[in-house]
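Residue-level structure breakdown
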Protein chains: 4
Amino acid sequence: MTSIKKIDKKEAILEAALNLFASKGYYTTSMSDVAKEAGVAKGSLYNYFFSKENLLEAILLSILDVSNDLEKELVQTQSPNEFLQQIIEGQFELVCSNRDHWRFMYALSLQPGVFEFSIELLQQRIKENMKEVVSQFEKKGSADPEIDARLFIGTLDGLLLQVITNLDDFPVENLKQGMINKYCK
Amino acid sequence: MTSIKKIDKKEAILEAALNLFASKGYYTTSMSDVAKEAGVAKGSLYNYFFSKENLLEAILLSILDVSNDLEKELVQTQSPNEFLQQIIEGQFELVCSNRDHWRFMYALSLQPGVFEFSIELLQQRIKENMKEVVSQFEKKGSADPEIDARLFIGTLDGLLLQVITNLDDFPVENLKQGMINKYCK
Amino acid sequence: MTSIKKIDKKEAILEAALNLFASKGYYTTSMSDVAKEAGVAKGSLYNYFFSKENLLEAILLSILDVSNDLEKELVQTQSPNEFLQQIIEGQFELVCSNRDHWRFMYALSLQPGVFEFSIELLQQRIKENMKEVVSQFEKKGSADPEIDARLFIGTLDGLLLQVITNLDDFPVENLKQGMINKYCK
Amino acid sequence: MTSIKKIDKKEAILEAALNLFASKGYYTTSMSDVAKEAGVAKGSLYNYFFSKENLLEAILLSILDVSNDLEKELVQTQSPNEFLQQIIEGQFELVCSNRDHWRFMYALSLQPGVFEFSIELLQQRIKENMKEVVSQFEKKGSADPEIDARLFIGTLDGLLLQVITNLDDFPVENLKQGMINKYCK
DNA sequence: TATGAATGAGTGTTCATTCAT
DNA sequence: GATGAATGAACACTCATTCAT
């Protein structure tokens, strides 16, 4: 029971911090803000994370965990085109399910400073994805699978960026279909 | 002469600030840092910009100016494919000419907080570009010019993002050609 | 058995605290440090001592106890010179047996703040010693026994200070003999 | 003029800090306390000293400066006994002129932690003095000049310690004469 | 106009102490 | 009695901004 409570509190802090960091920014959110939002005392934060930076790290890892889970579900034998389509749909769903969080991730990965850590995490994930996508293009008989894969991922990222930064009336579905038509047929 | 000096100093501050913000981040760069880098006294910064945020604004405007200049050069009558190719090449050149600055721009546009201003600027520019691109796809007889335009711009942004975040051994040229082949033929 | 355990735990805390205070300093040692070193929970400390300051007090008293025990052993009828020599030898042995602890005591006695308590304890002890030493110098027929006693104790303290603050290659024995020759012949 | 003011302020901070550290202790004095006592803003402290520890260092150096000045005045050709007497008188005067400061110095030199720096400074000074005293005892034809010198300095330190820790009715003069009679005849 | 010392609100972090379990 | 999570006041230090010179 104790452990459940403990986990709950840690989760509460993580969630509060993620929401604040994502909505106000990392530097403009103080640890006091996080404590207030999480409903705990300032000092308690340091029972769970030993610094603000460490809290950020934990957030990033938890976001990537969600993302990794989704990827594992997806790895099944299919035709290359079906597979690529699944990737597109999965990523769109992931990002649409919480734009703020993903905007935060993208922002971090572009920032210098504290965040080198996050860049590495993301880049590693990207490399793994890239390998997978390259092999799909090889199966398709692409003339230059690496370039095709980069184009594919670049397009996906660019579209997701548009999703992230645009308002609600954005034609997400059409865009997704457009990409599927262009890359998975 | 005074006015020349004045302009020089303002430029020096802008340049120093841009370099520092781009390389160390906005929040992790202090006004003292900027003053030192620019070779002026801390207090002098406030003769040219009334706040740190205002200095940031001025930087953004100056970057967008460069970008706009390039765009104006480019608008000439051509076939749609040639025109789109020119956009691609222009943007690649722009971003490659100073990755750090553009990384900074992308990062800002994804950040909440102080930076809403920059998002609007960028979004406005994007909308204008979008209109132009849409009309090119109309000329090409596209079935859904708006979606095609978004795909085009998304792909371009995504690839540029890859350029920005990747190391020097990145196959920029091949990628550019790949996009041209896929979108301008 | 319970009471034995209890005593053991209290002793363990005292010893841990003394070692840490002596080696790292009072203010730079946290109650958490003490708990960890003593192998008990942080909260348990407060079952035995009601505050950090109180813990310090208990330590001081325990050190002075050791010191008092030694003195009691020593009070036996002898010639004044032999008696004074015994004092010198006893103090040297005491201090040499644990330099860190005695360094800590001397340091405390010189510090303002929390430690007024310790100063009084020490001063009281010193006064008692002084009385004893004065009476020995009276027996010796000293012209000014009080001054001689202060000189004696001052010299002893000063030499012990040298012992405390110096490294291992220090000529302790020679110094002790030197003082004995100068004051007990 | 500016520089005079600047020096004045730095001096004011040093003096305020010394008084507070000496009367309340280093750890129990906050930088806010120092600022208030010195009549400046908290932030201003950091225009002159880059940390609390650095402020302490500056204080120690300034105290040792005073002490060194006094020593330089003293080095003149004399008989060994006269020279040693001068040392005794000089040290007594120095310490009596500001007991609190010297109590602080002695306390620091016995404390672990931040203060290793001060110990080294003091020990170095002591070594230099020791050399001088040893050579005086050599001149006197002492059988073991090193031991005699250590005894001399130990006695002096021990007596000064008594001066430092005792109240105002203390027979300083008699004690000083006592030591002179015992060591300089 | 140029300067940089002065300011003080605000930051991340620590830690003695409490108390529900 | 034993525990260690929770607390919040206090700390050293930063930095955008001001203003007397």
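Just so we're clear, the structure is a prediction, and the values are computed from it rather than from any experiment.

So, a positive patch on the surface
A contiguous patch of positive charge, built from A:K140, A:K182, B:K140 and B:K182, is present on the exposed surface. Mapped onto the secondary structure, A:K140 falls in the loop between α7 (116-139) and α8 (145-165). Residue classification places A:K140 among the partly exposed positions, given a relative accessible area of 33%.

Considerations on the domain arrangement of chain A
Residue and element names in this part refer to chain A. Domain annotation of chain A identifies domain 1 (1-50) and domain 2 (52-183). Between domain 1 and domain 2, the contact holds 15 residues from the first and 14 residues from the second. For the domain 1 and domain 2 pair, buried surface summed over both sides reaches about 1,500 Å², with 74% attributable to carbon and sulfur atoms. Of all residues in domain 1, the largest losses of buried area upon contact with domain 2 belong to L18, A22 and Y26, amounting jointly to 40% of the total for that side. Here domain 1 and domain 2 share 0 salt bridges between them. At the junction of domain 1 with domain 2, the criterion picks out 5 residue pairs in polar contact (both at pLDDT 80 or more). Take the side of domain 1 that touches domain 2: its biggest share by element is 8 residues, from helix α1 (residues 2-24). Grouping the amino acids of the side of domain 1 that touches domain 2 by side-chain chemistry returns 12 nonpolar, 3 polar and no charged.

Section: the protein's contact with DNA strand E
Neighbouring DNA strand E are 30 residues; A:Y46, A:K52, C:M31, D:K9 and D:Y48 lie closest to it. The share of sugar and phosphate among atoms of DNA strand E within 4 Å of the protein is 64%. Between a phosphate oxygen of DNA strand E and a main-chain N or O atom of B:A41, the distance comes to 3.2 Å. Put simply, the parts of the chain that give the surface near DNA strand E at least two residues each are α3 (42-48) of chain A, α3 (42-48) of chain B, α3 (42-48) of chain C together with α3 (42-48) of chain D. Classifying every residue of the surface near DNA strand E gives 9 nonpolar, 13 polar and 8 charged.

Considering the interface of chain D and chain C
Taken together, the contacts link 36 residues of chain D with 37 residues of chain C. Interface of chain D and chain C: buried area, both sides summed, is about 3,200 Å²; carbon and sulfur atoms make up 66% of it. Inspection of the chain D/chain C interface yields 0 salt bridges. For the interface between chain D and chain C, the tally reads 7 residue pairs in polar contact (both at pLDDT 80 or more). Listed by contribution, the elements that provide at least two residues to the side of chain D that touches chain C are α1 (2-24), α6 (99-109), α8 (145-165) and α9 (172-183) of chain D. Ranked by residues supplied to the side of chain D that touches chain C, first place goes to α8(D) with 12 residues.

Observations regarding a negative patch on the surface
All names here are of chain A. A grouping of D8, E11, E15 and E37 is seen on the molecular surface, where their side chains present a negatively charged patch. The greatest single-element share of the negative patch, amounting to 3 residues, is contributed by α1. Checked against the element boundaries, E15 lands in helix α1. The exposure class of E15 is exposed, given its relative accessible area of 52%.

Some points on the arrangement of the chains
At no point do chain A and chain D touch; the closest pair of C-alpha atoms across them sits 21 Å apart. Contact between chain B and chain D is absent, and the minimum C-alpha spacing across the pair is 13 Å.

Looking at the interface of chain A and chain B
Across the boundary between the two partners, chain A contributes 35 residues, which contact 37 residues of chain B. Carbon and sulfur atoms make up 66% of the area that chain A and chain B hide from each other, which totals about 3,200 Å². In this assembly, chain A and chain B are joined by 7 residue pairs in polar contact (both at pLDDT 80 or more). Only α1, α6 (99-109), α8 and α9 (172-183) of chain A provide two or more residues apiece to the side of chain A that touches chain B. For the side of chain A that touches chain B, the element with the most residues is α8(A), which contributes 12 residues. Tallied by class, the residues present in the side of chain A that touches chain B amount to 18 nonpolar, 13 polar and 4 charged.

Looking at the nonpolar core
If you look at the biggest cluster of nonpolar residues, it comprises 124 residues, and the most contacted ones within it are A:F21, A:L55, A:F152, B:I13, B:F21, B:L55 and B:F152. Counting 123 residues, the second-largest nonpolar core is a separate cluster that includes C:Y26, C:A35, C:Y183 and D:L159.

As for the relation of the copies chain A and chain B
For the match of chain A to chain B, the screw axis carries a shift of 0.0 Å, the RMSD comes to 0.2 Å, and the turn is 179 degrees. What the superposition gives is, in effect, a two-fold axis relating one chain to the other. The fraction of interface residues of chain A whose copies in chain B are also interface residues reaches 100%, indicating that both copies meet through the same surface.

Reading the values: rules and limits
Residues numbered from 1 in each chain as written. Chains lettered and ligands numbered in written order. Predicted model: local features only at pLDDT ≥ 70, side-chain atom pairs only at ≥ 80, totals over all residues. Heavy atoms only, no water. Patch = residues over 30% accessible without salt bridge, like charges linked within 9 Å, V, L, I, M, F, W, Y side chains within 5 Å. Areas by Shrake-Rupley, 256 points an atom, 1.4 Å probe, with all protein chains shown as cover. Salt bridge = Lys/Arg side-chain N within 4 Å of Asp/Glu carboxyl O. Lys, Arg positive; Asp, Glu negative; His and termini not counted. Charge placed at Lys NZ, Arg CZ, Asp CG, Glu CD. Helix = DSSP H or I, 4+ residues; strand = E, 2+ residues; numbered from the N terminus. Buried < 20%, exposed > 50% of the residue type's maximum accessible area, 1.4 Å probe, protein only. Domains from an automatic or database assignment. Contact = heavy atoms within 4.5 Å. Buried area = accessible area lost by both parts, 1.4 Å probe. Polar contact = N/O pair within 3.5 Å; in protein donor to acceptor, adjacent residues only side chain to side chain. Nonpolar A, V, L, I, M, F, W, Y, C, P; charged D, E, K, R; others polar. Near = heavy atom within 4 Å. Core = buried A, V, L, I, M, F, W, Y, C linked by side-chain atoms within 4.5 Å. Least-squares fit on C-alpha atoms with pLDDT ≥ 70 in both.

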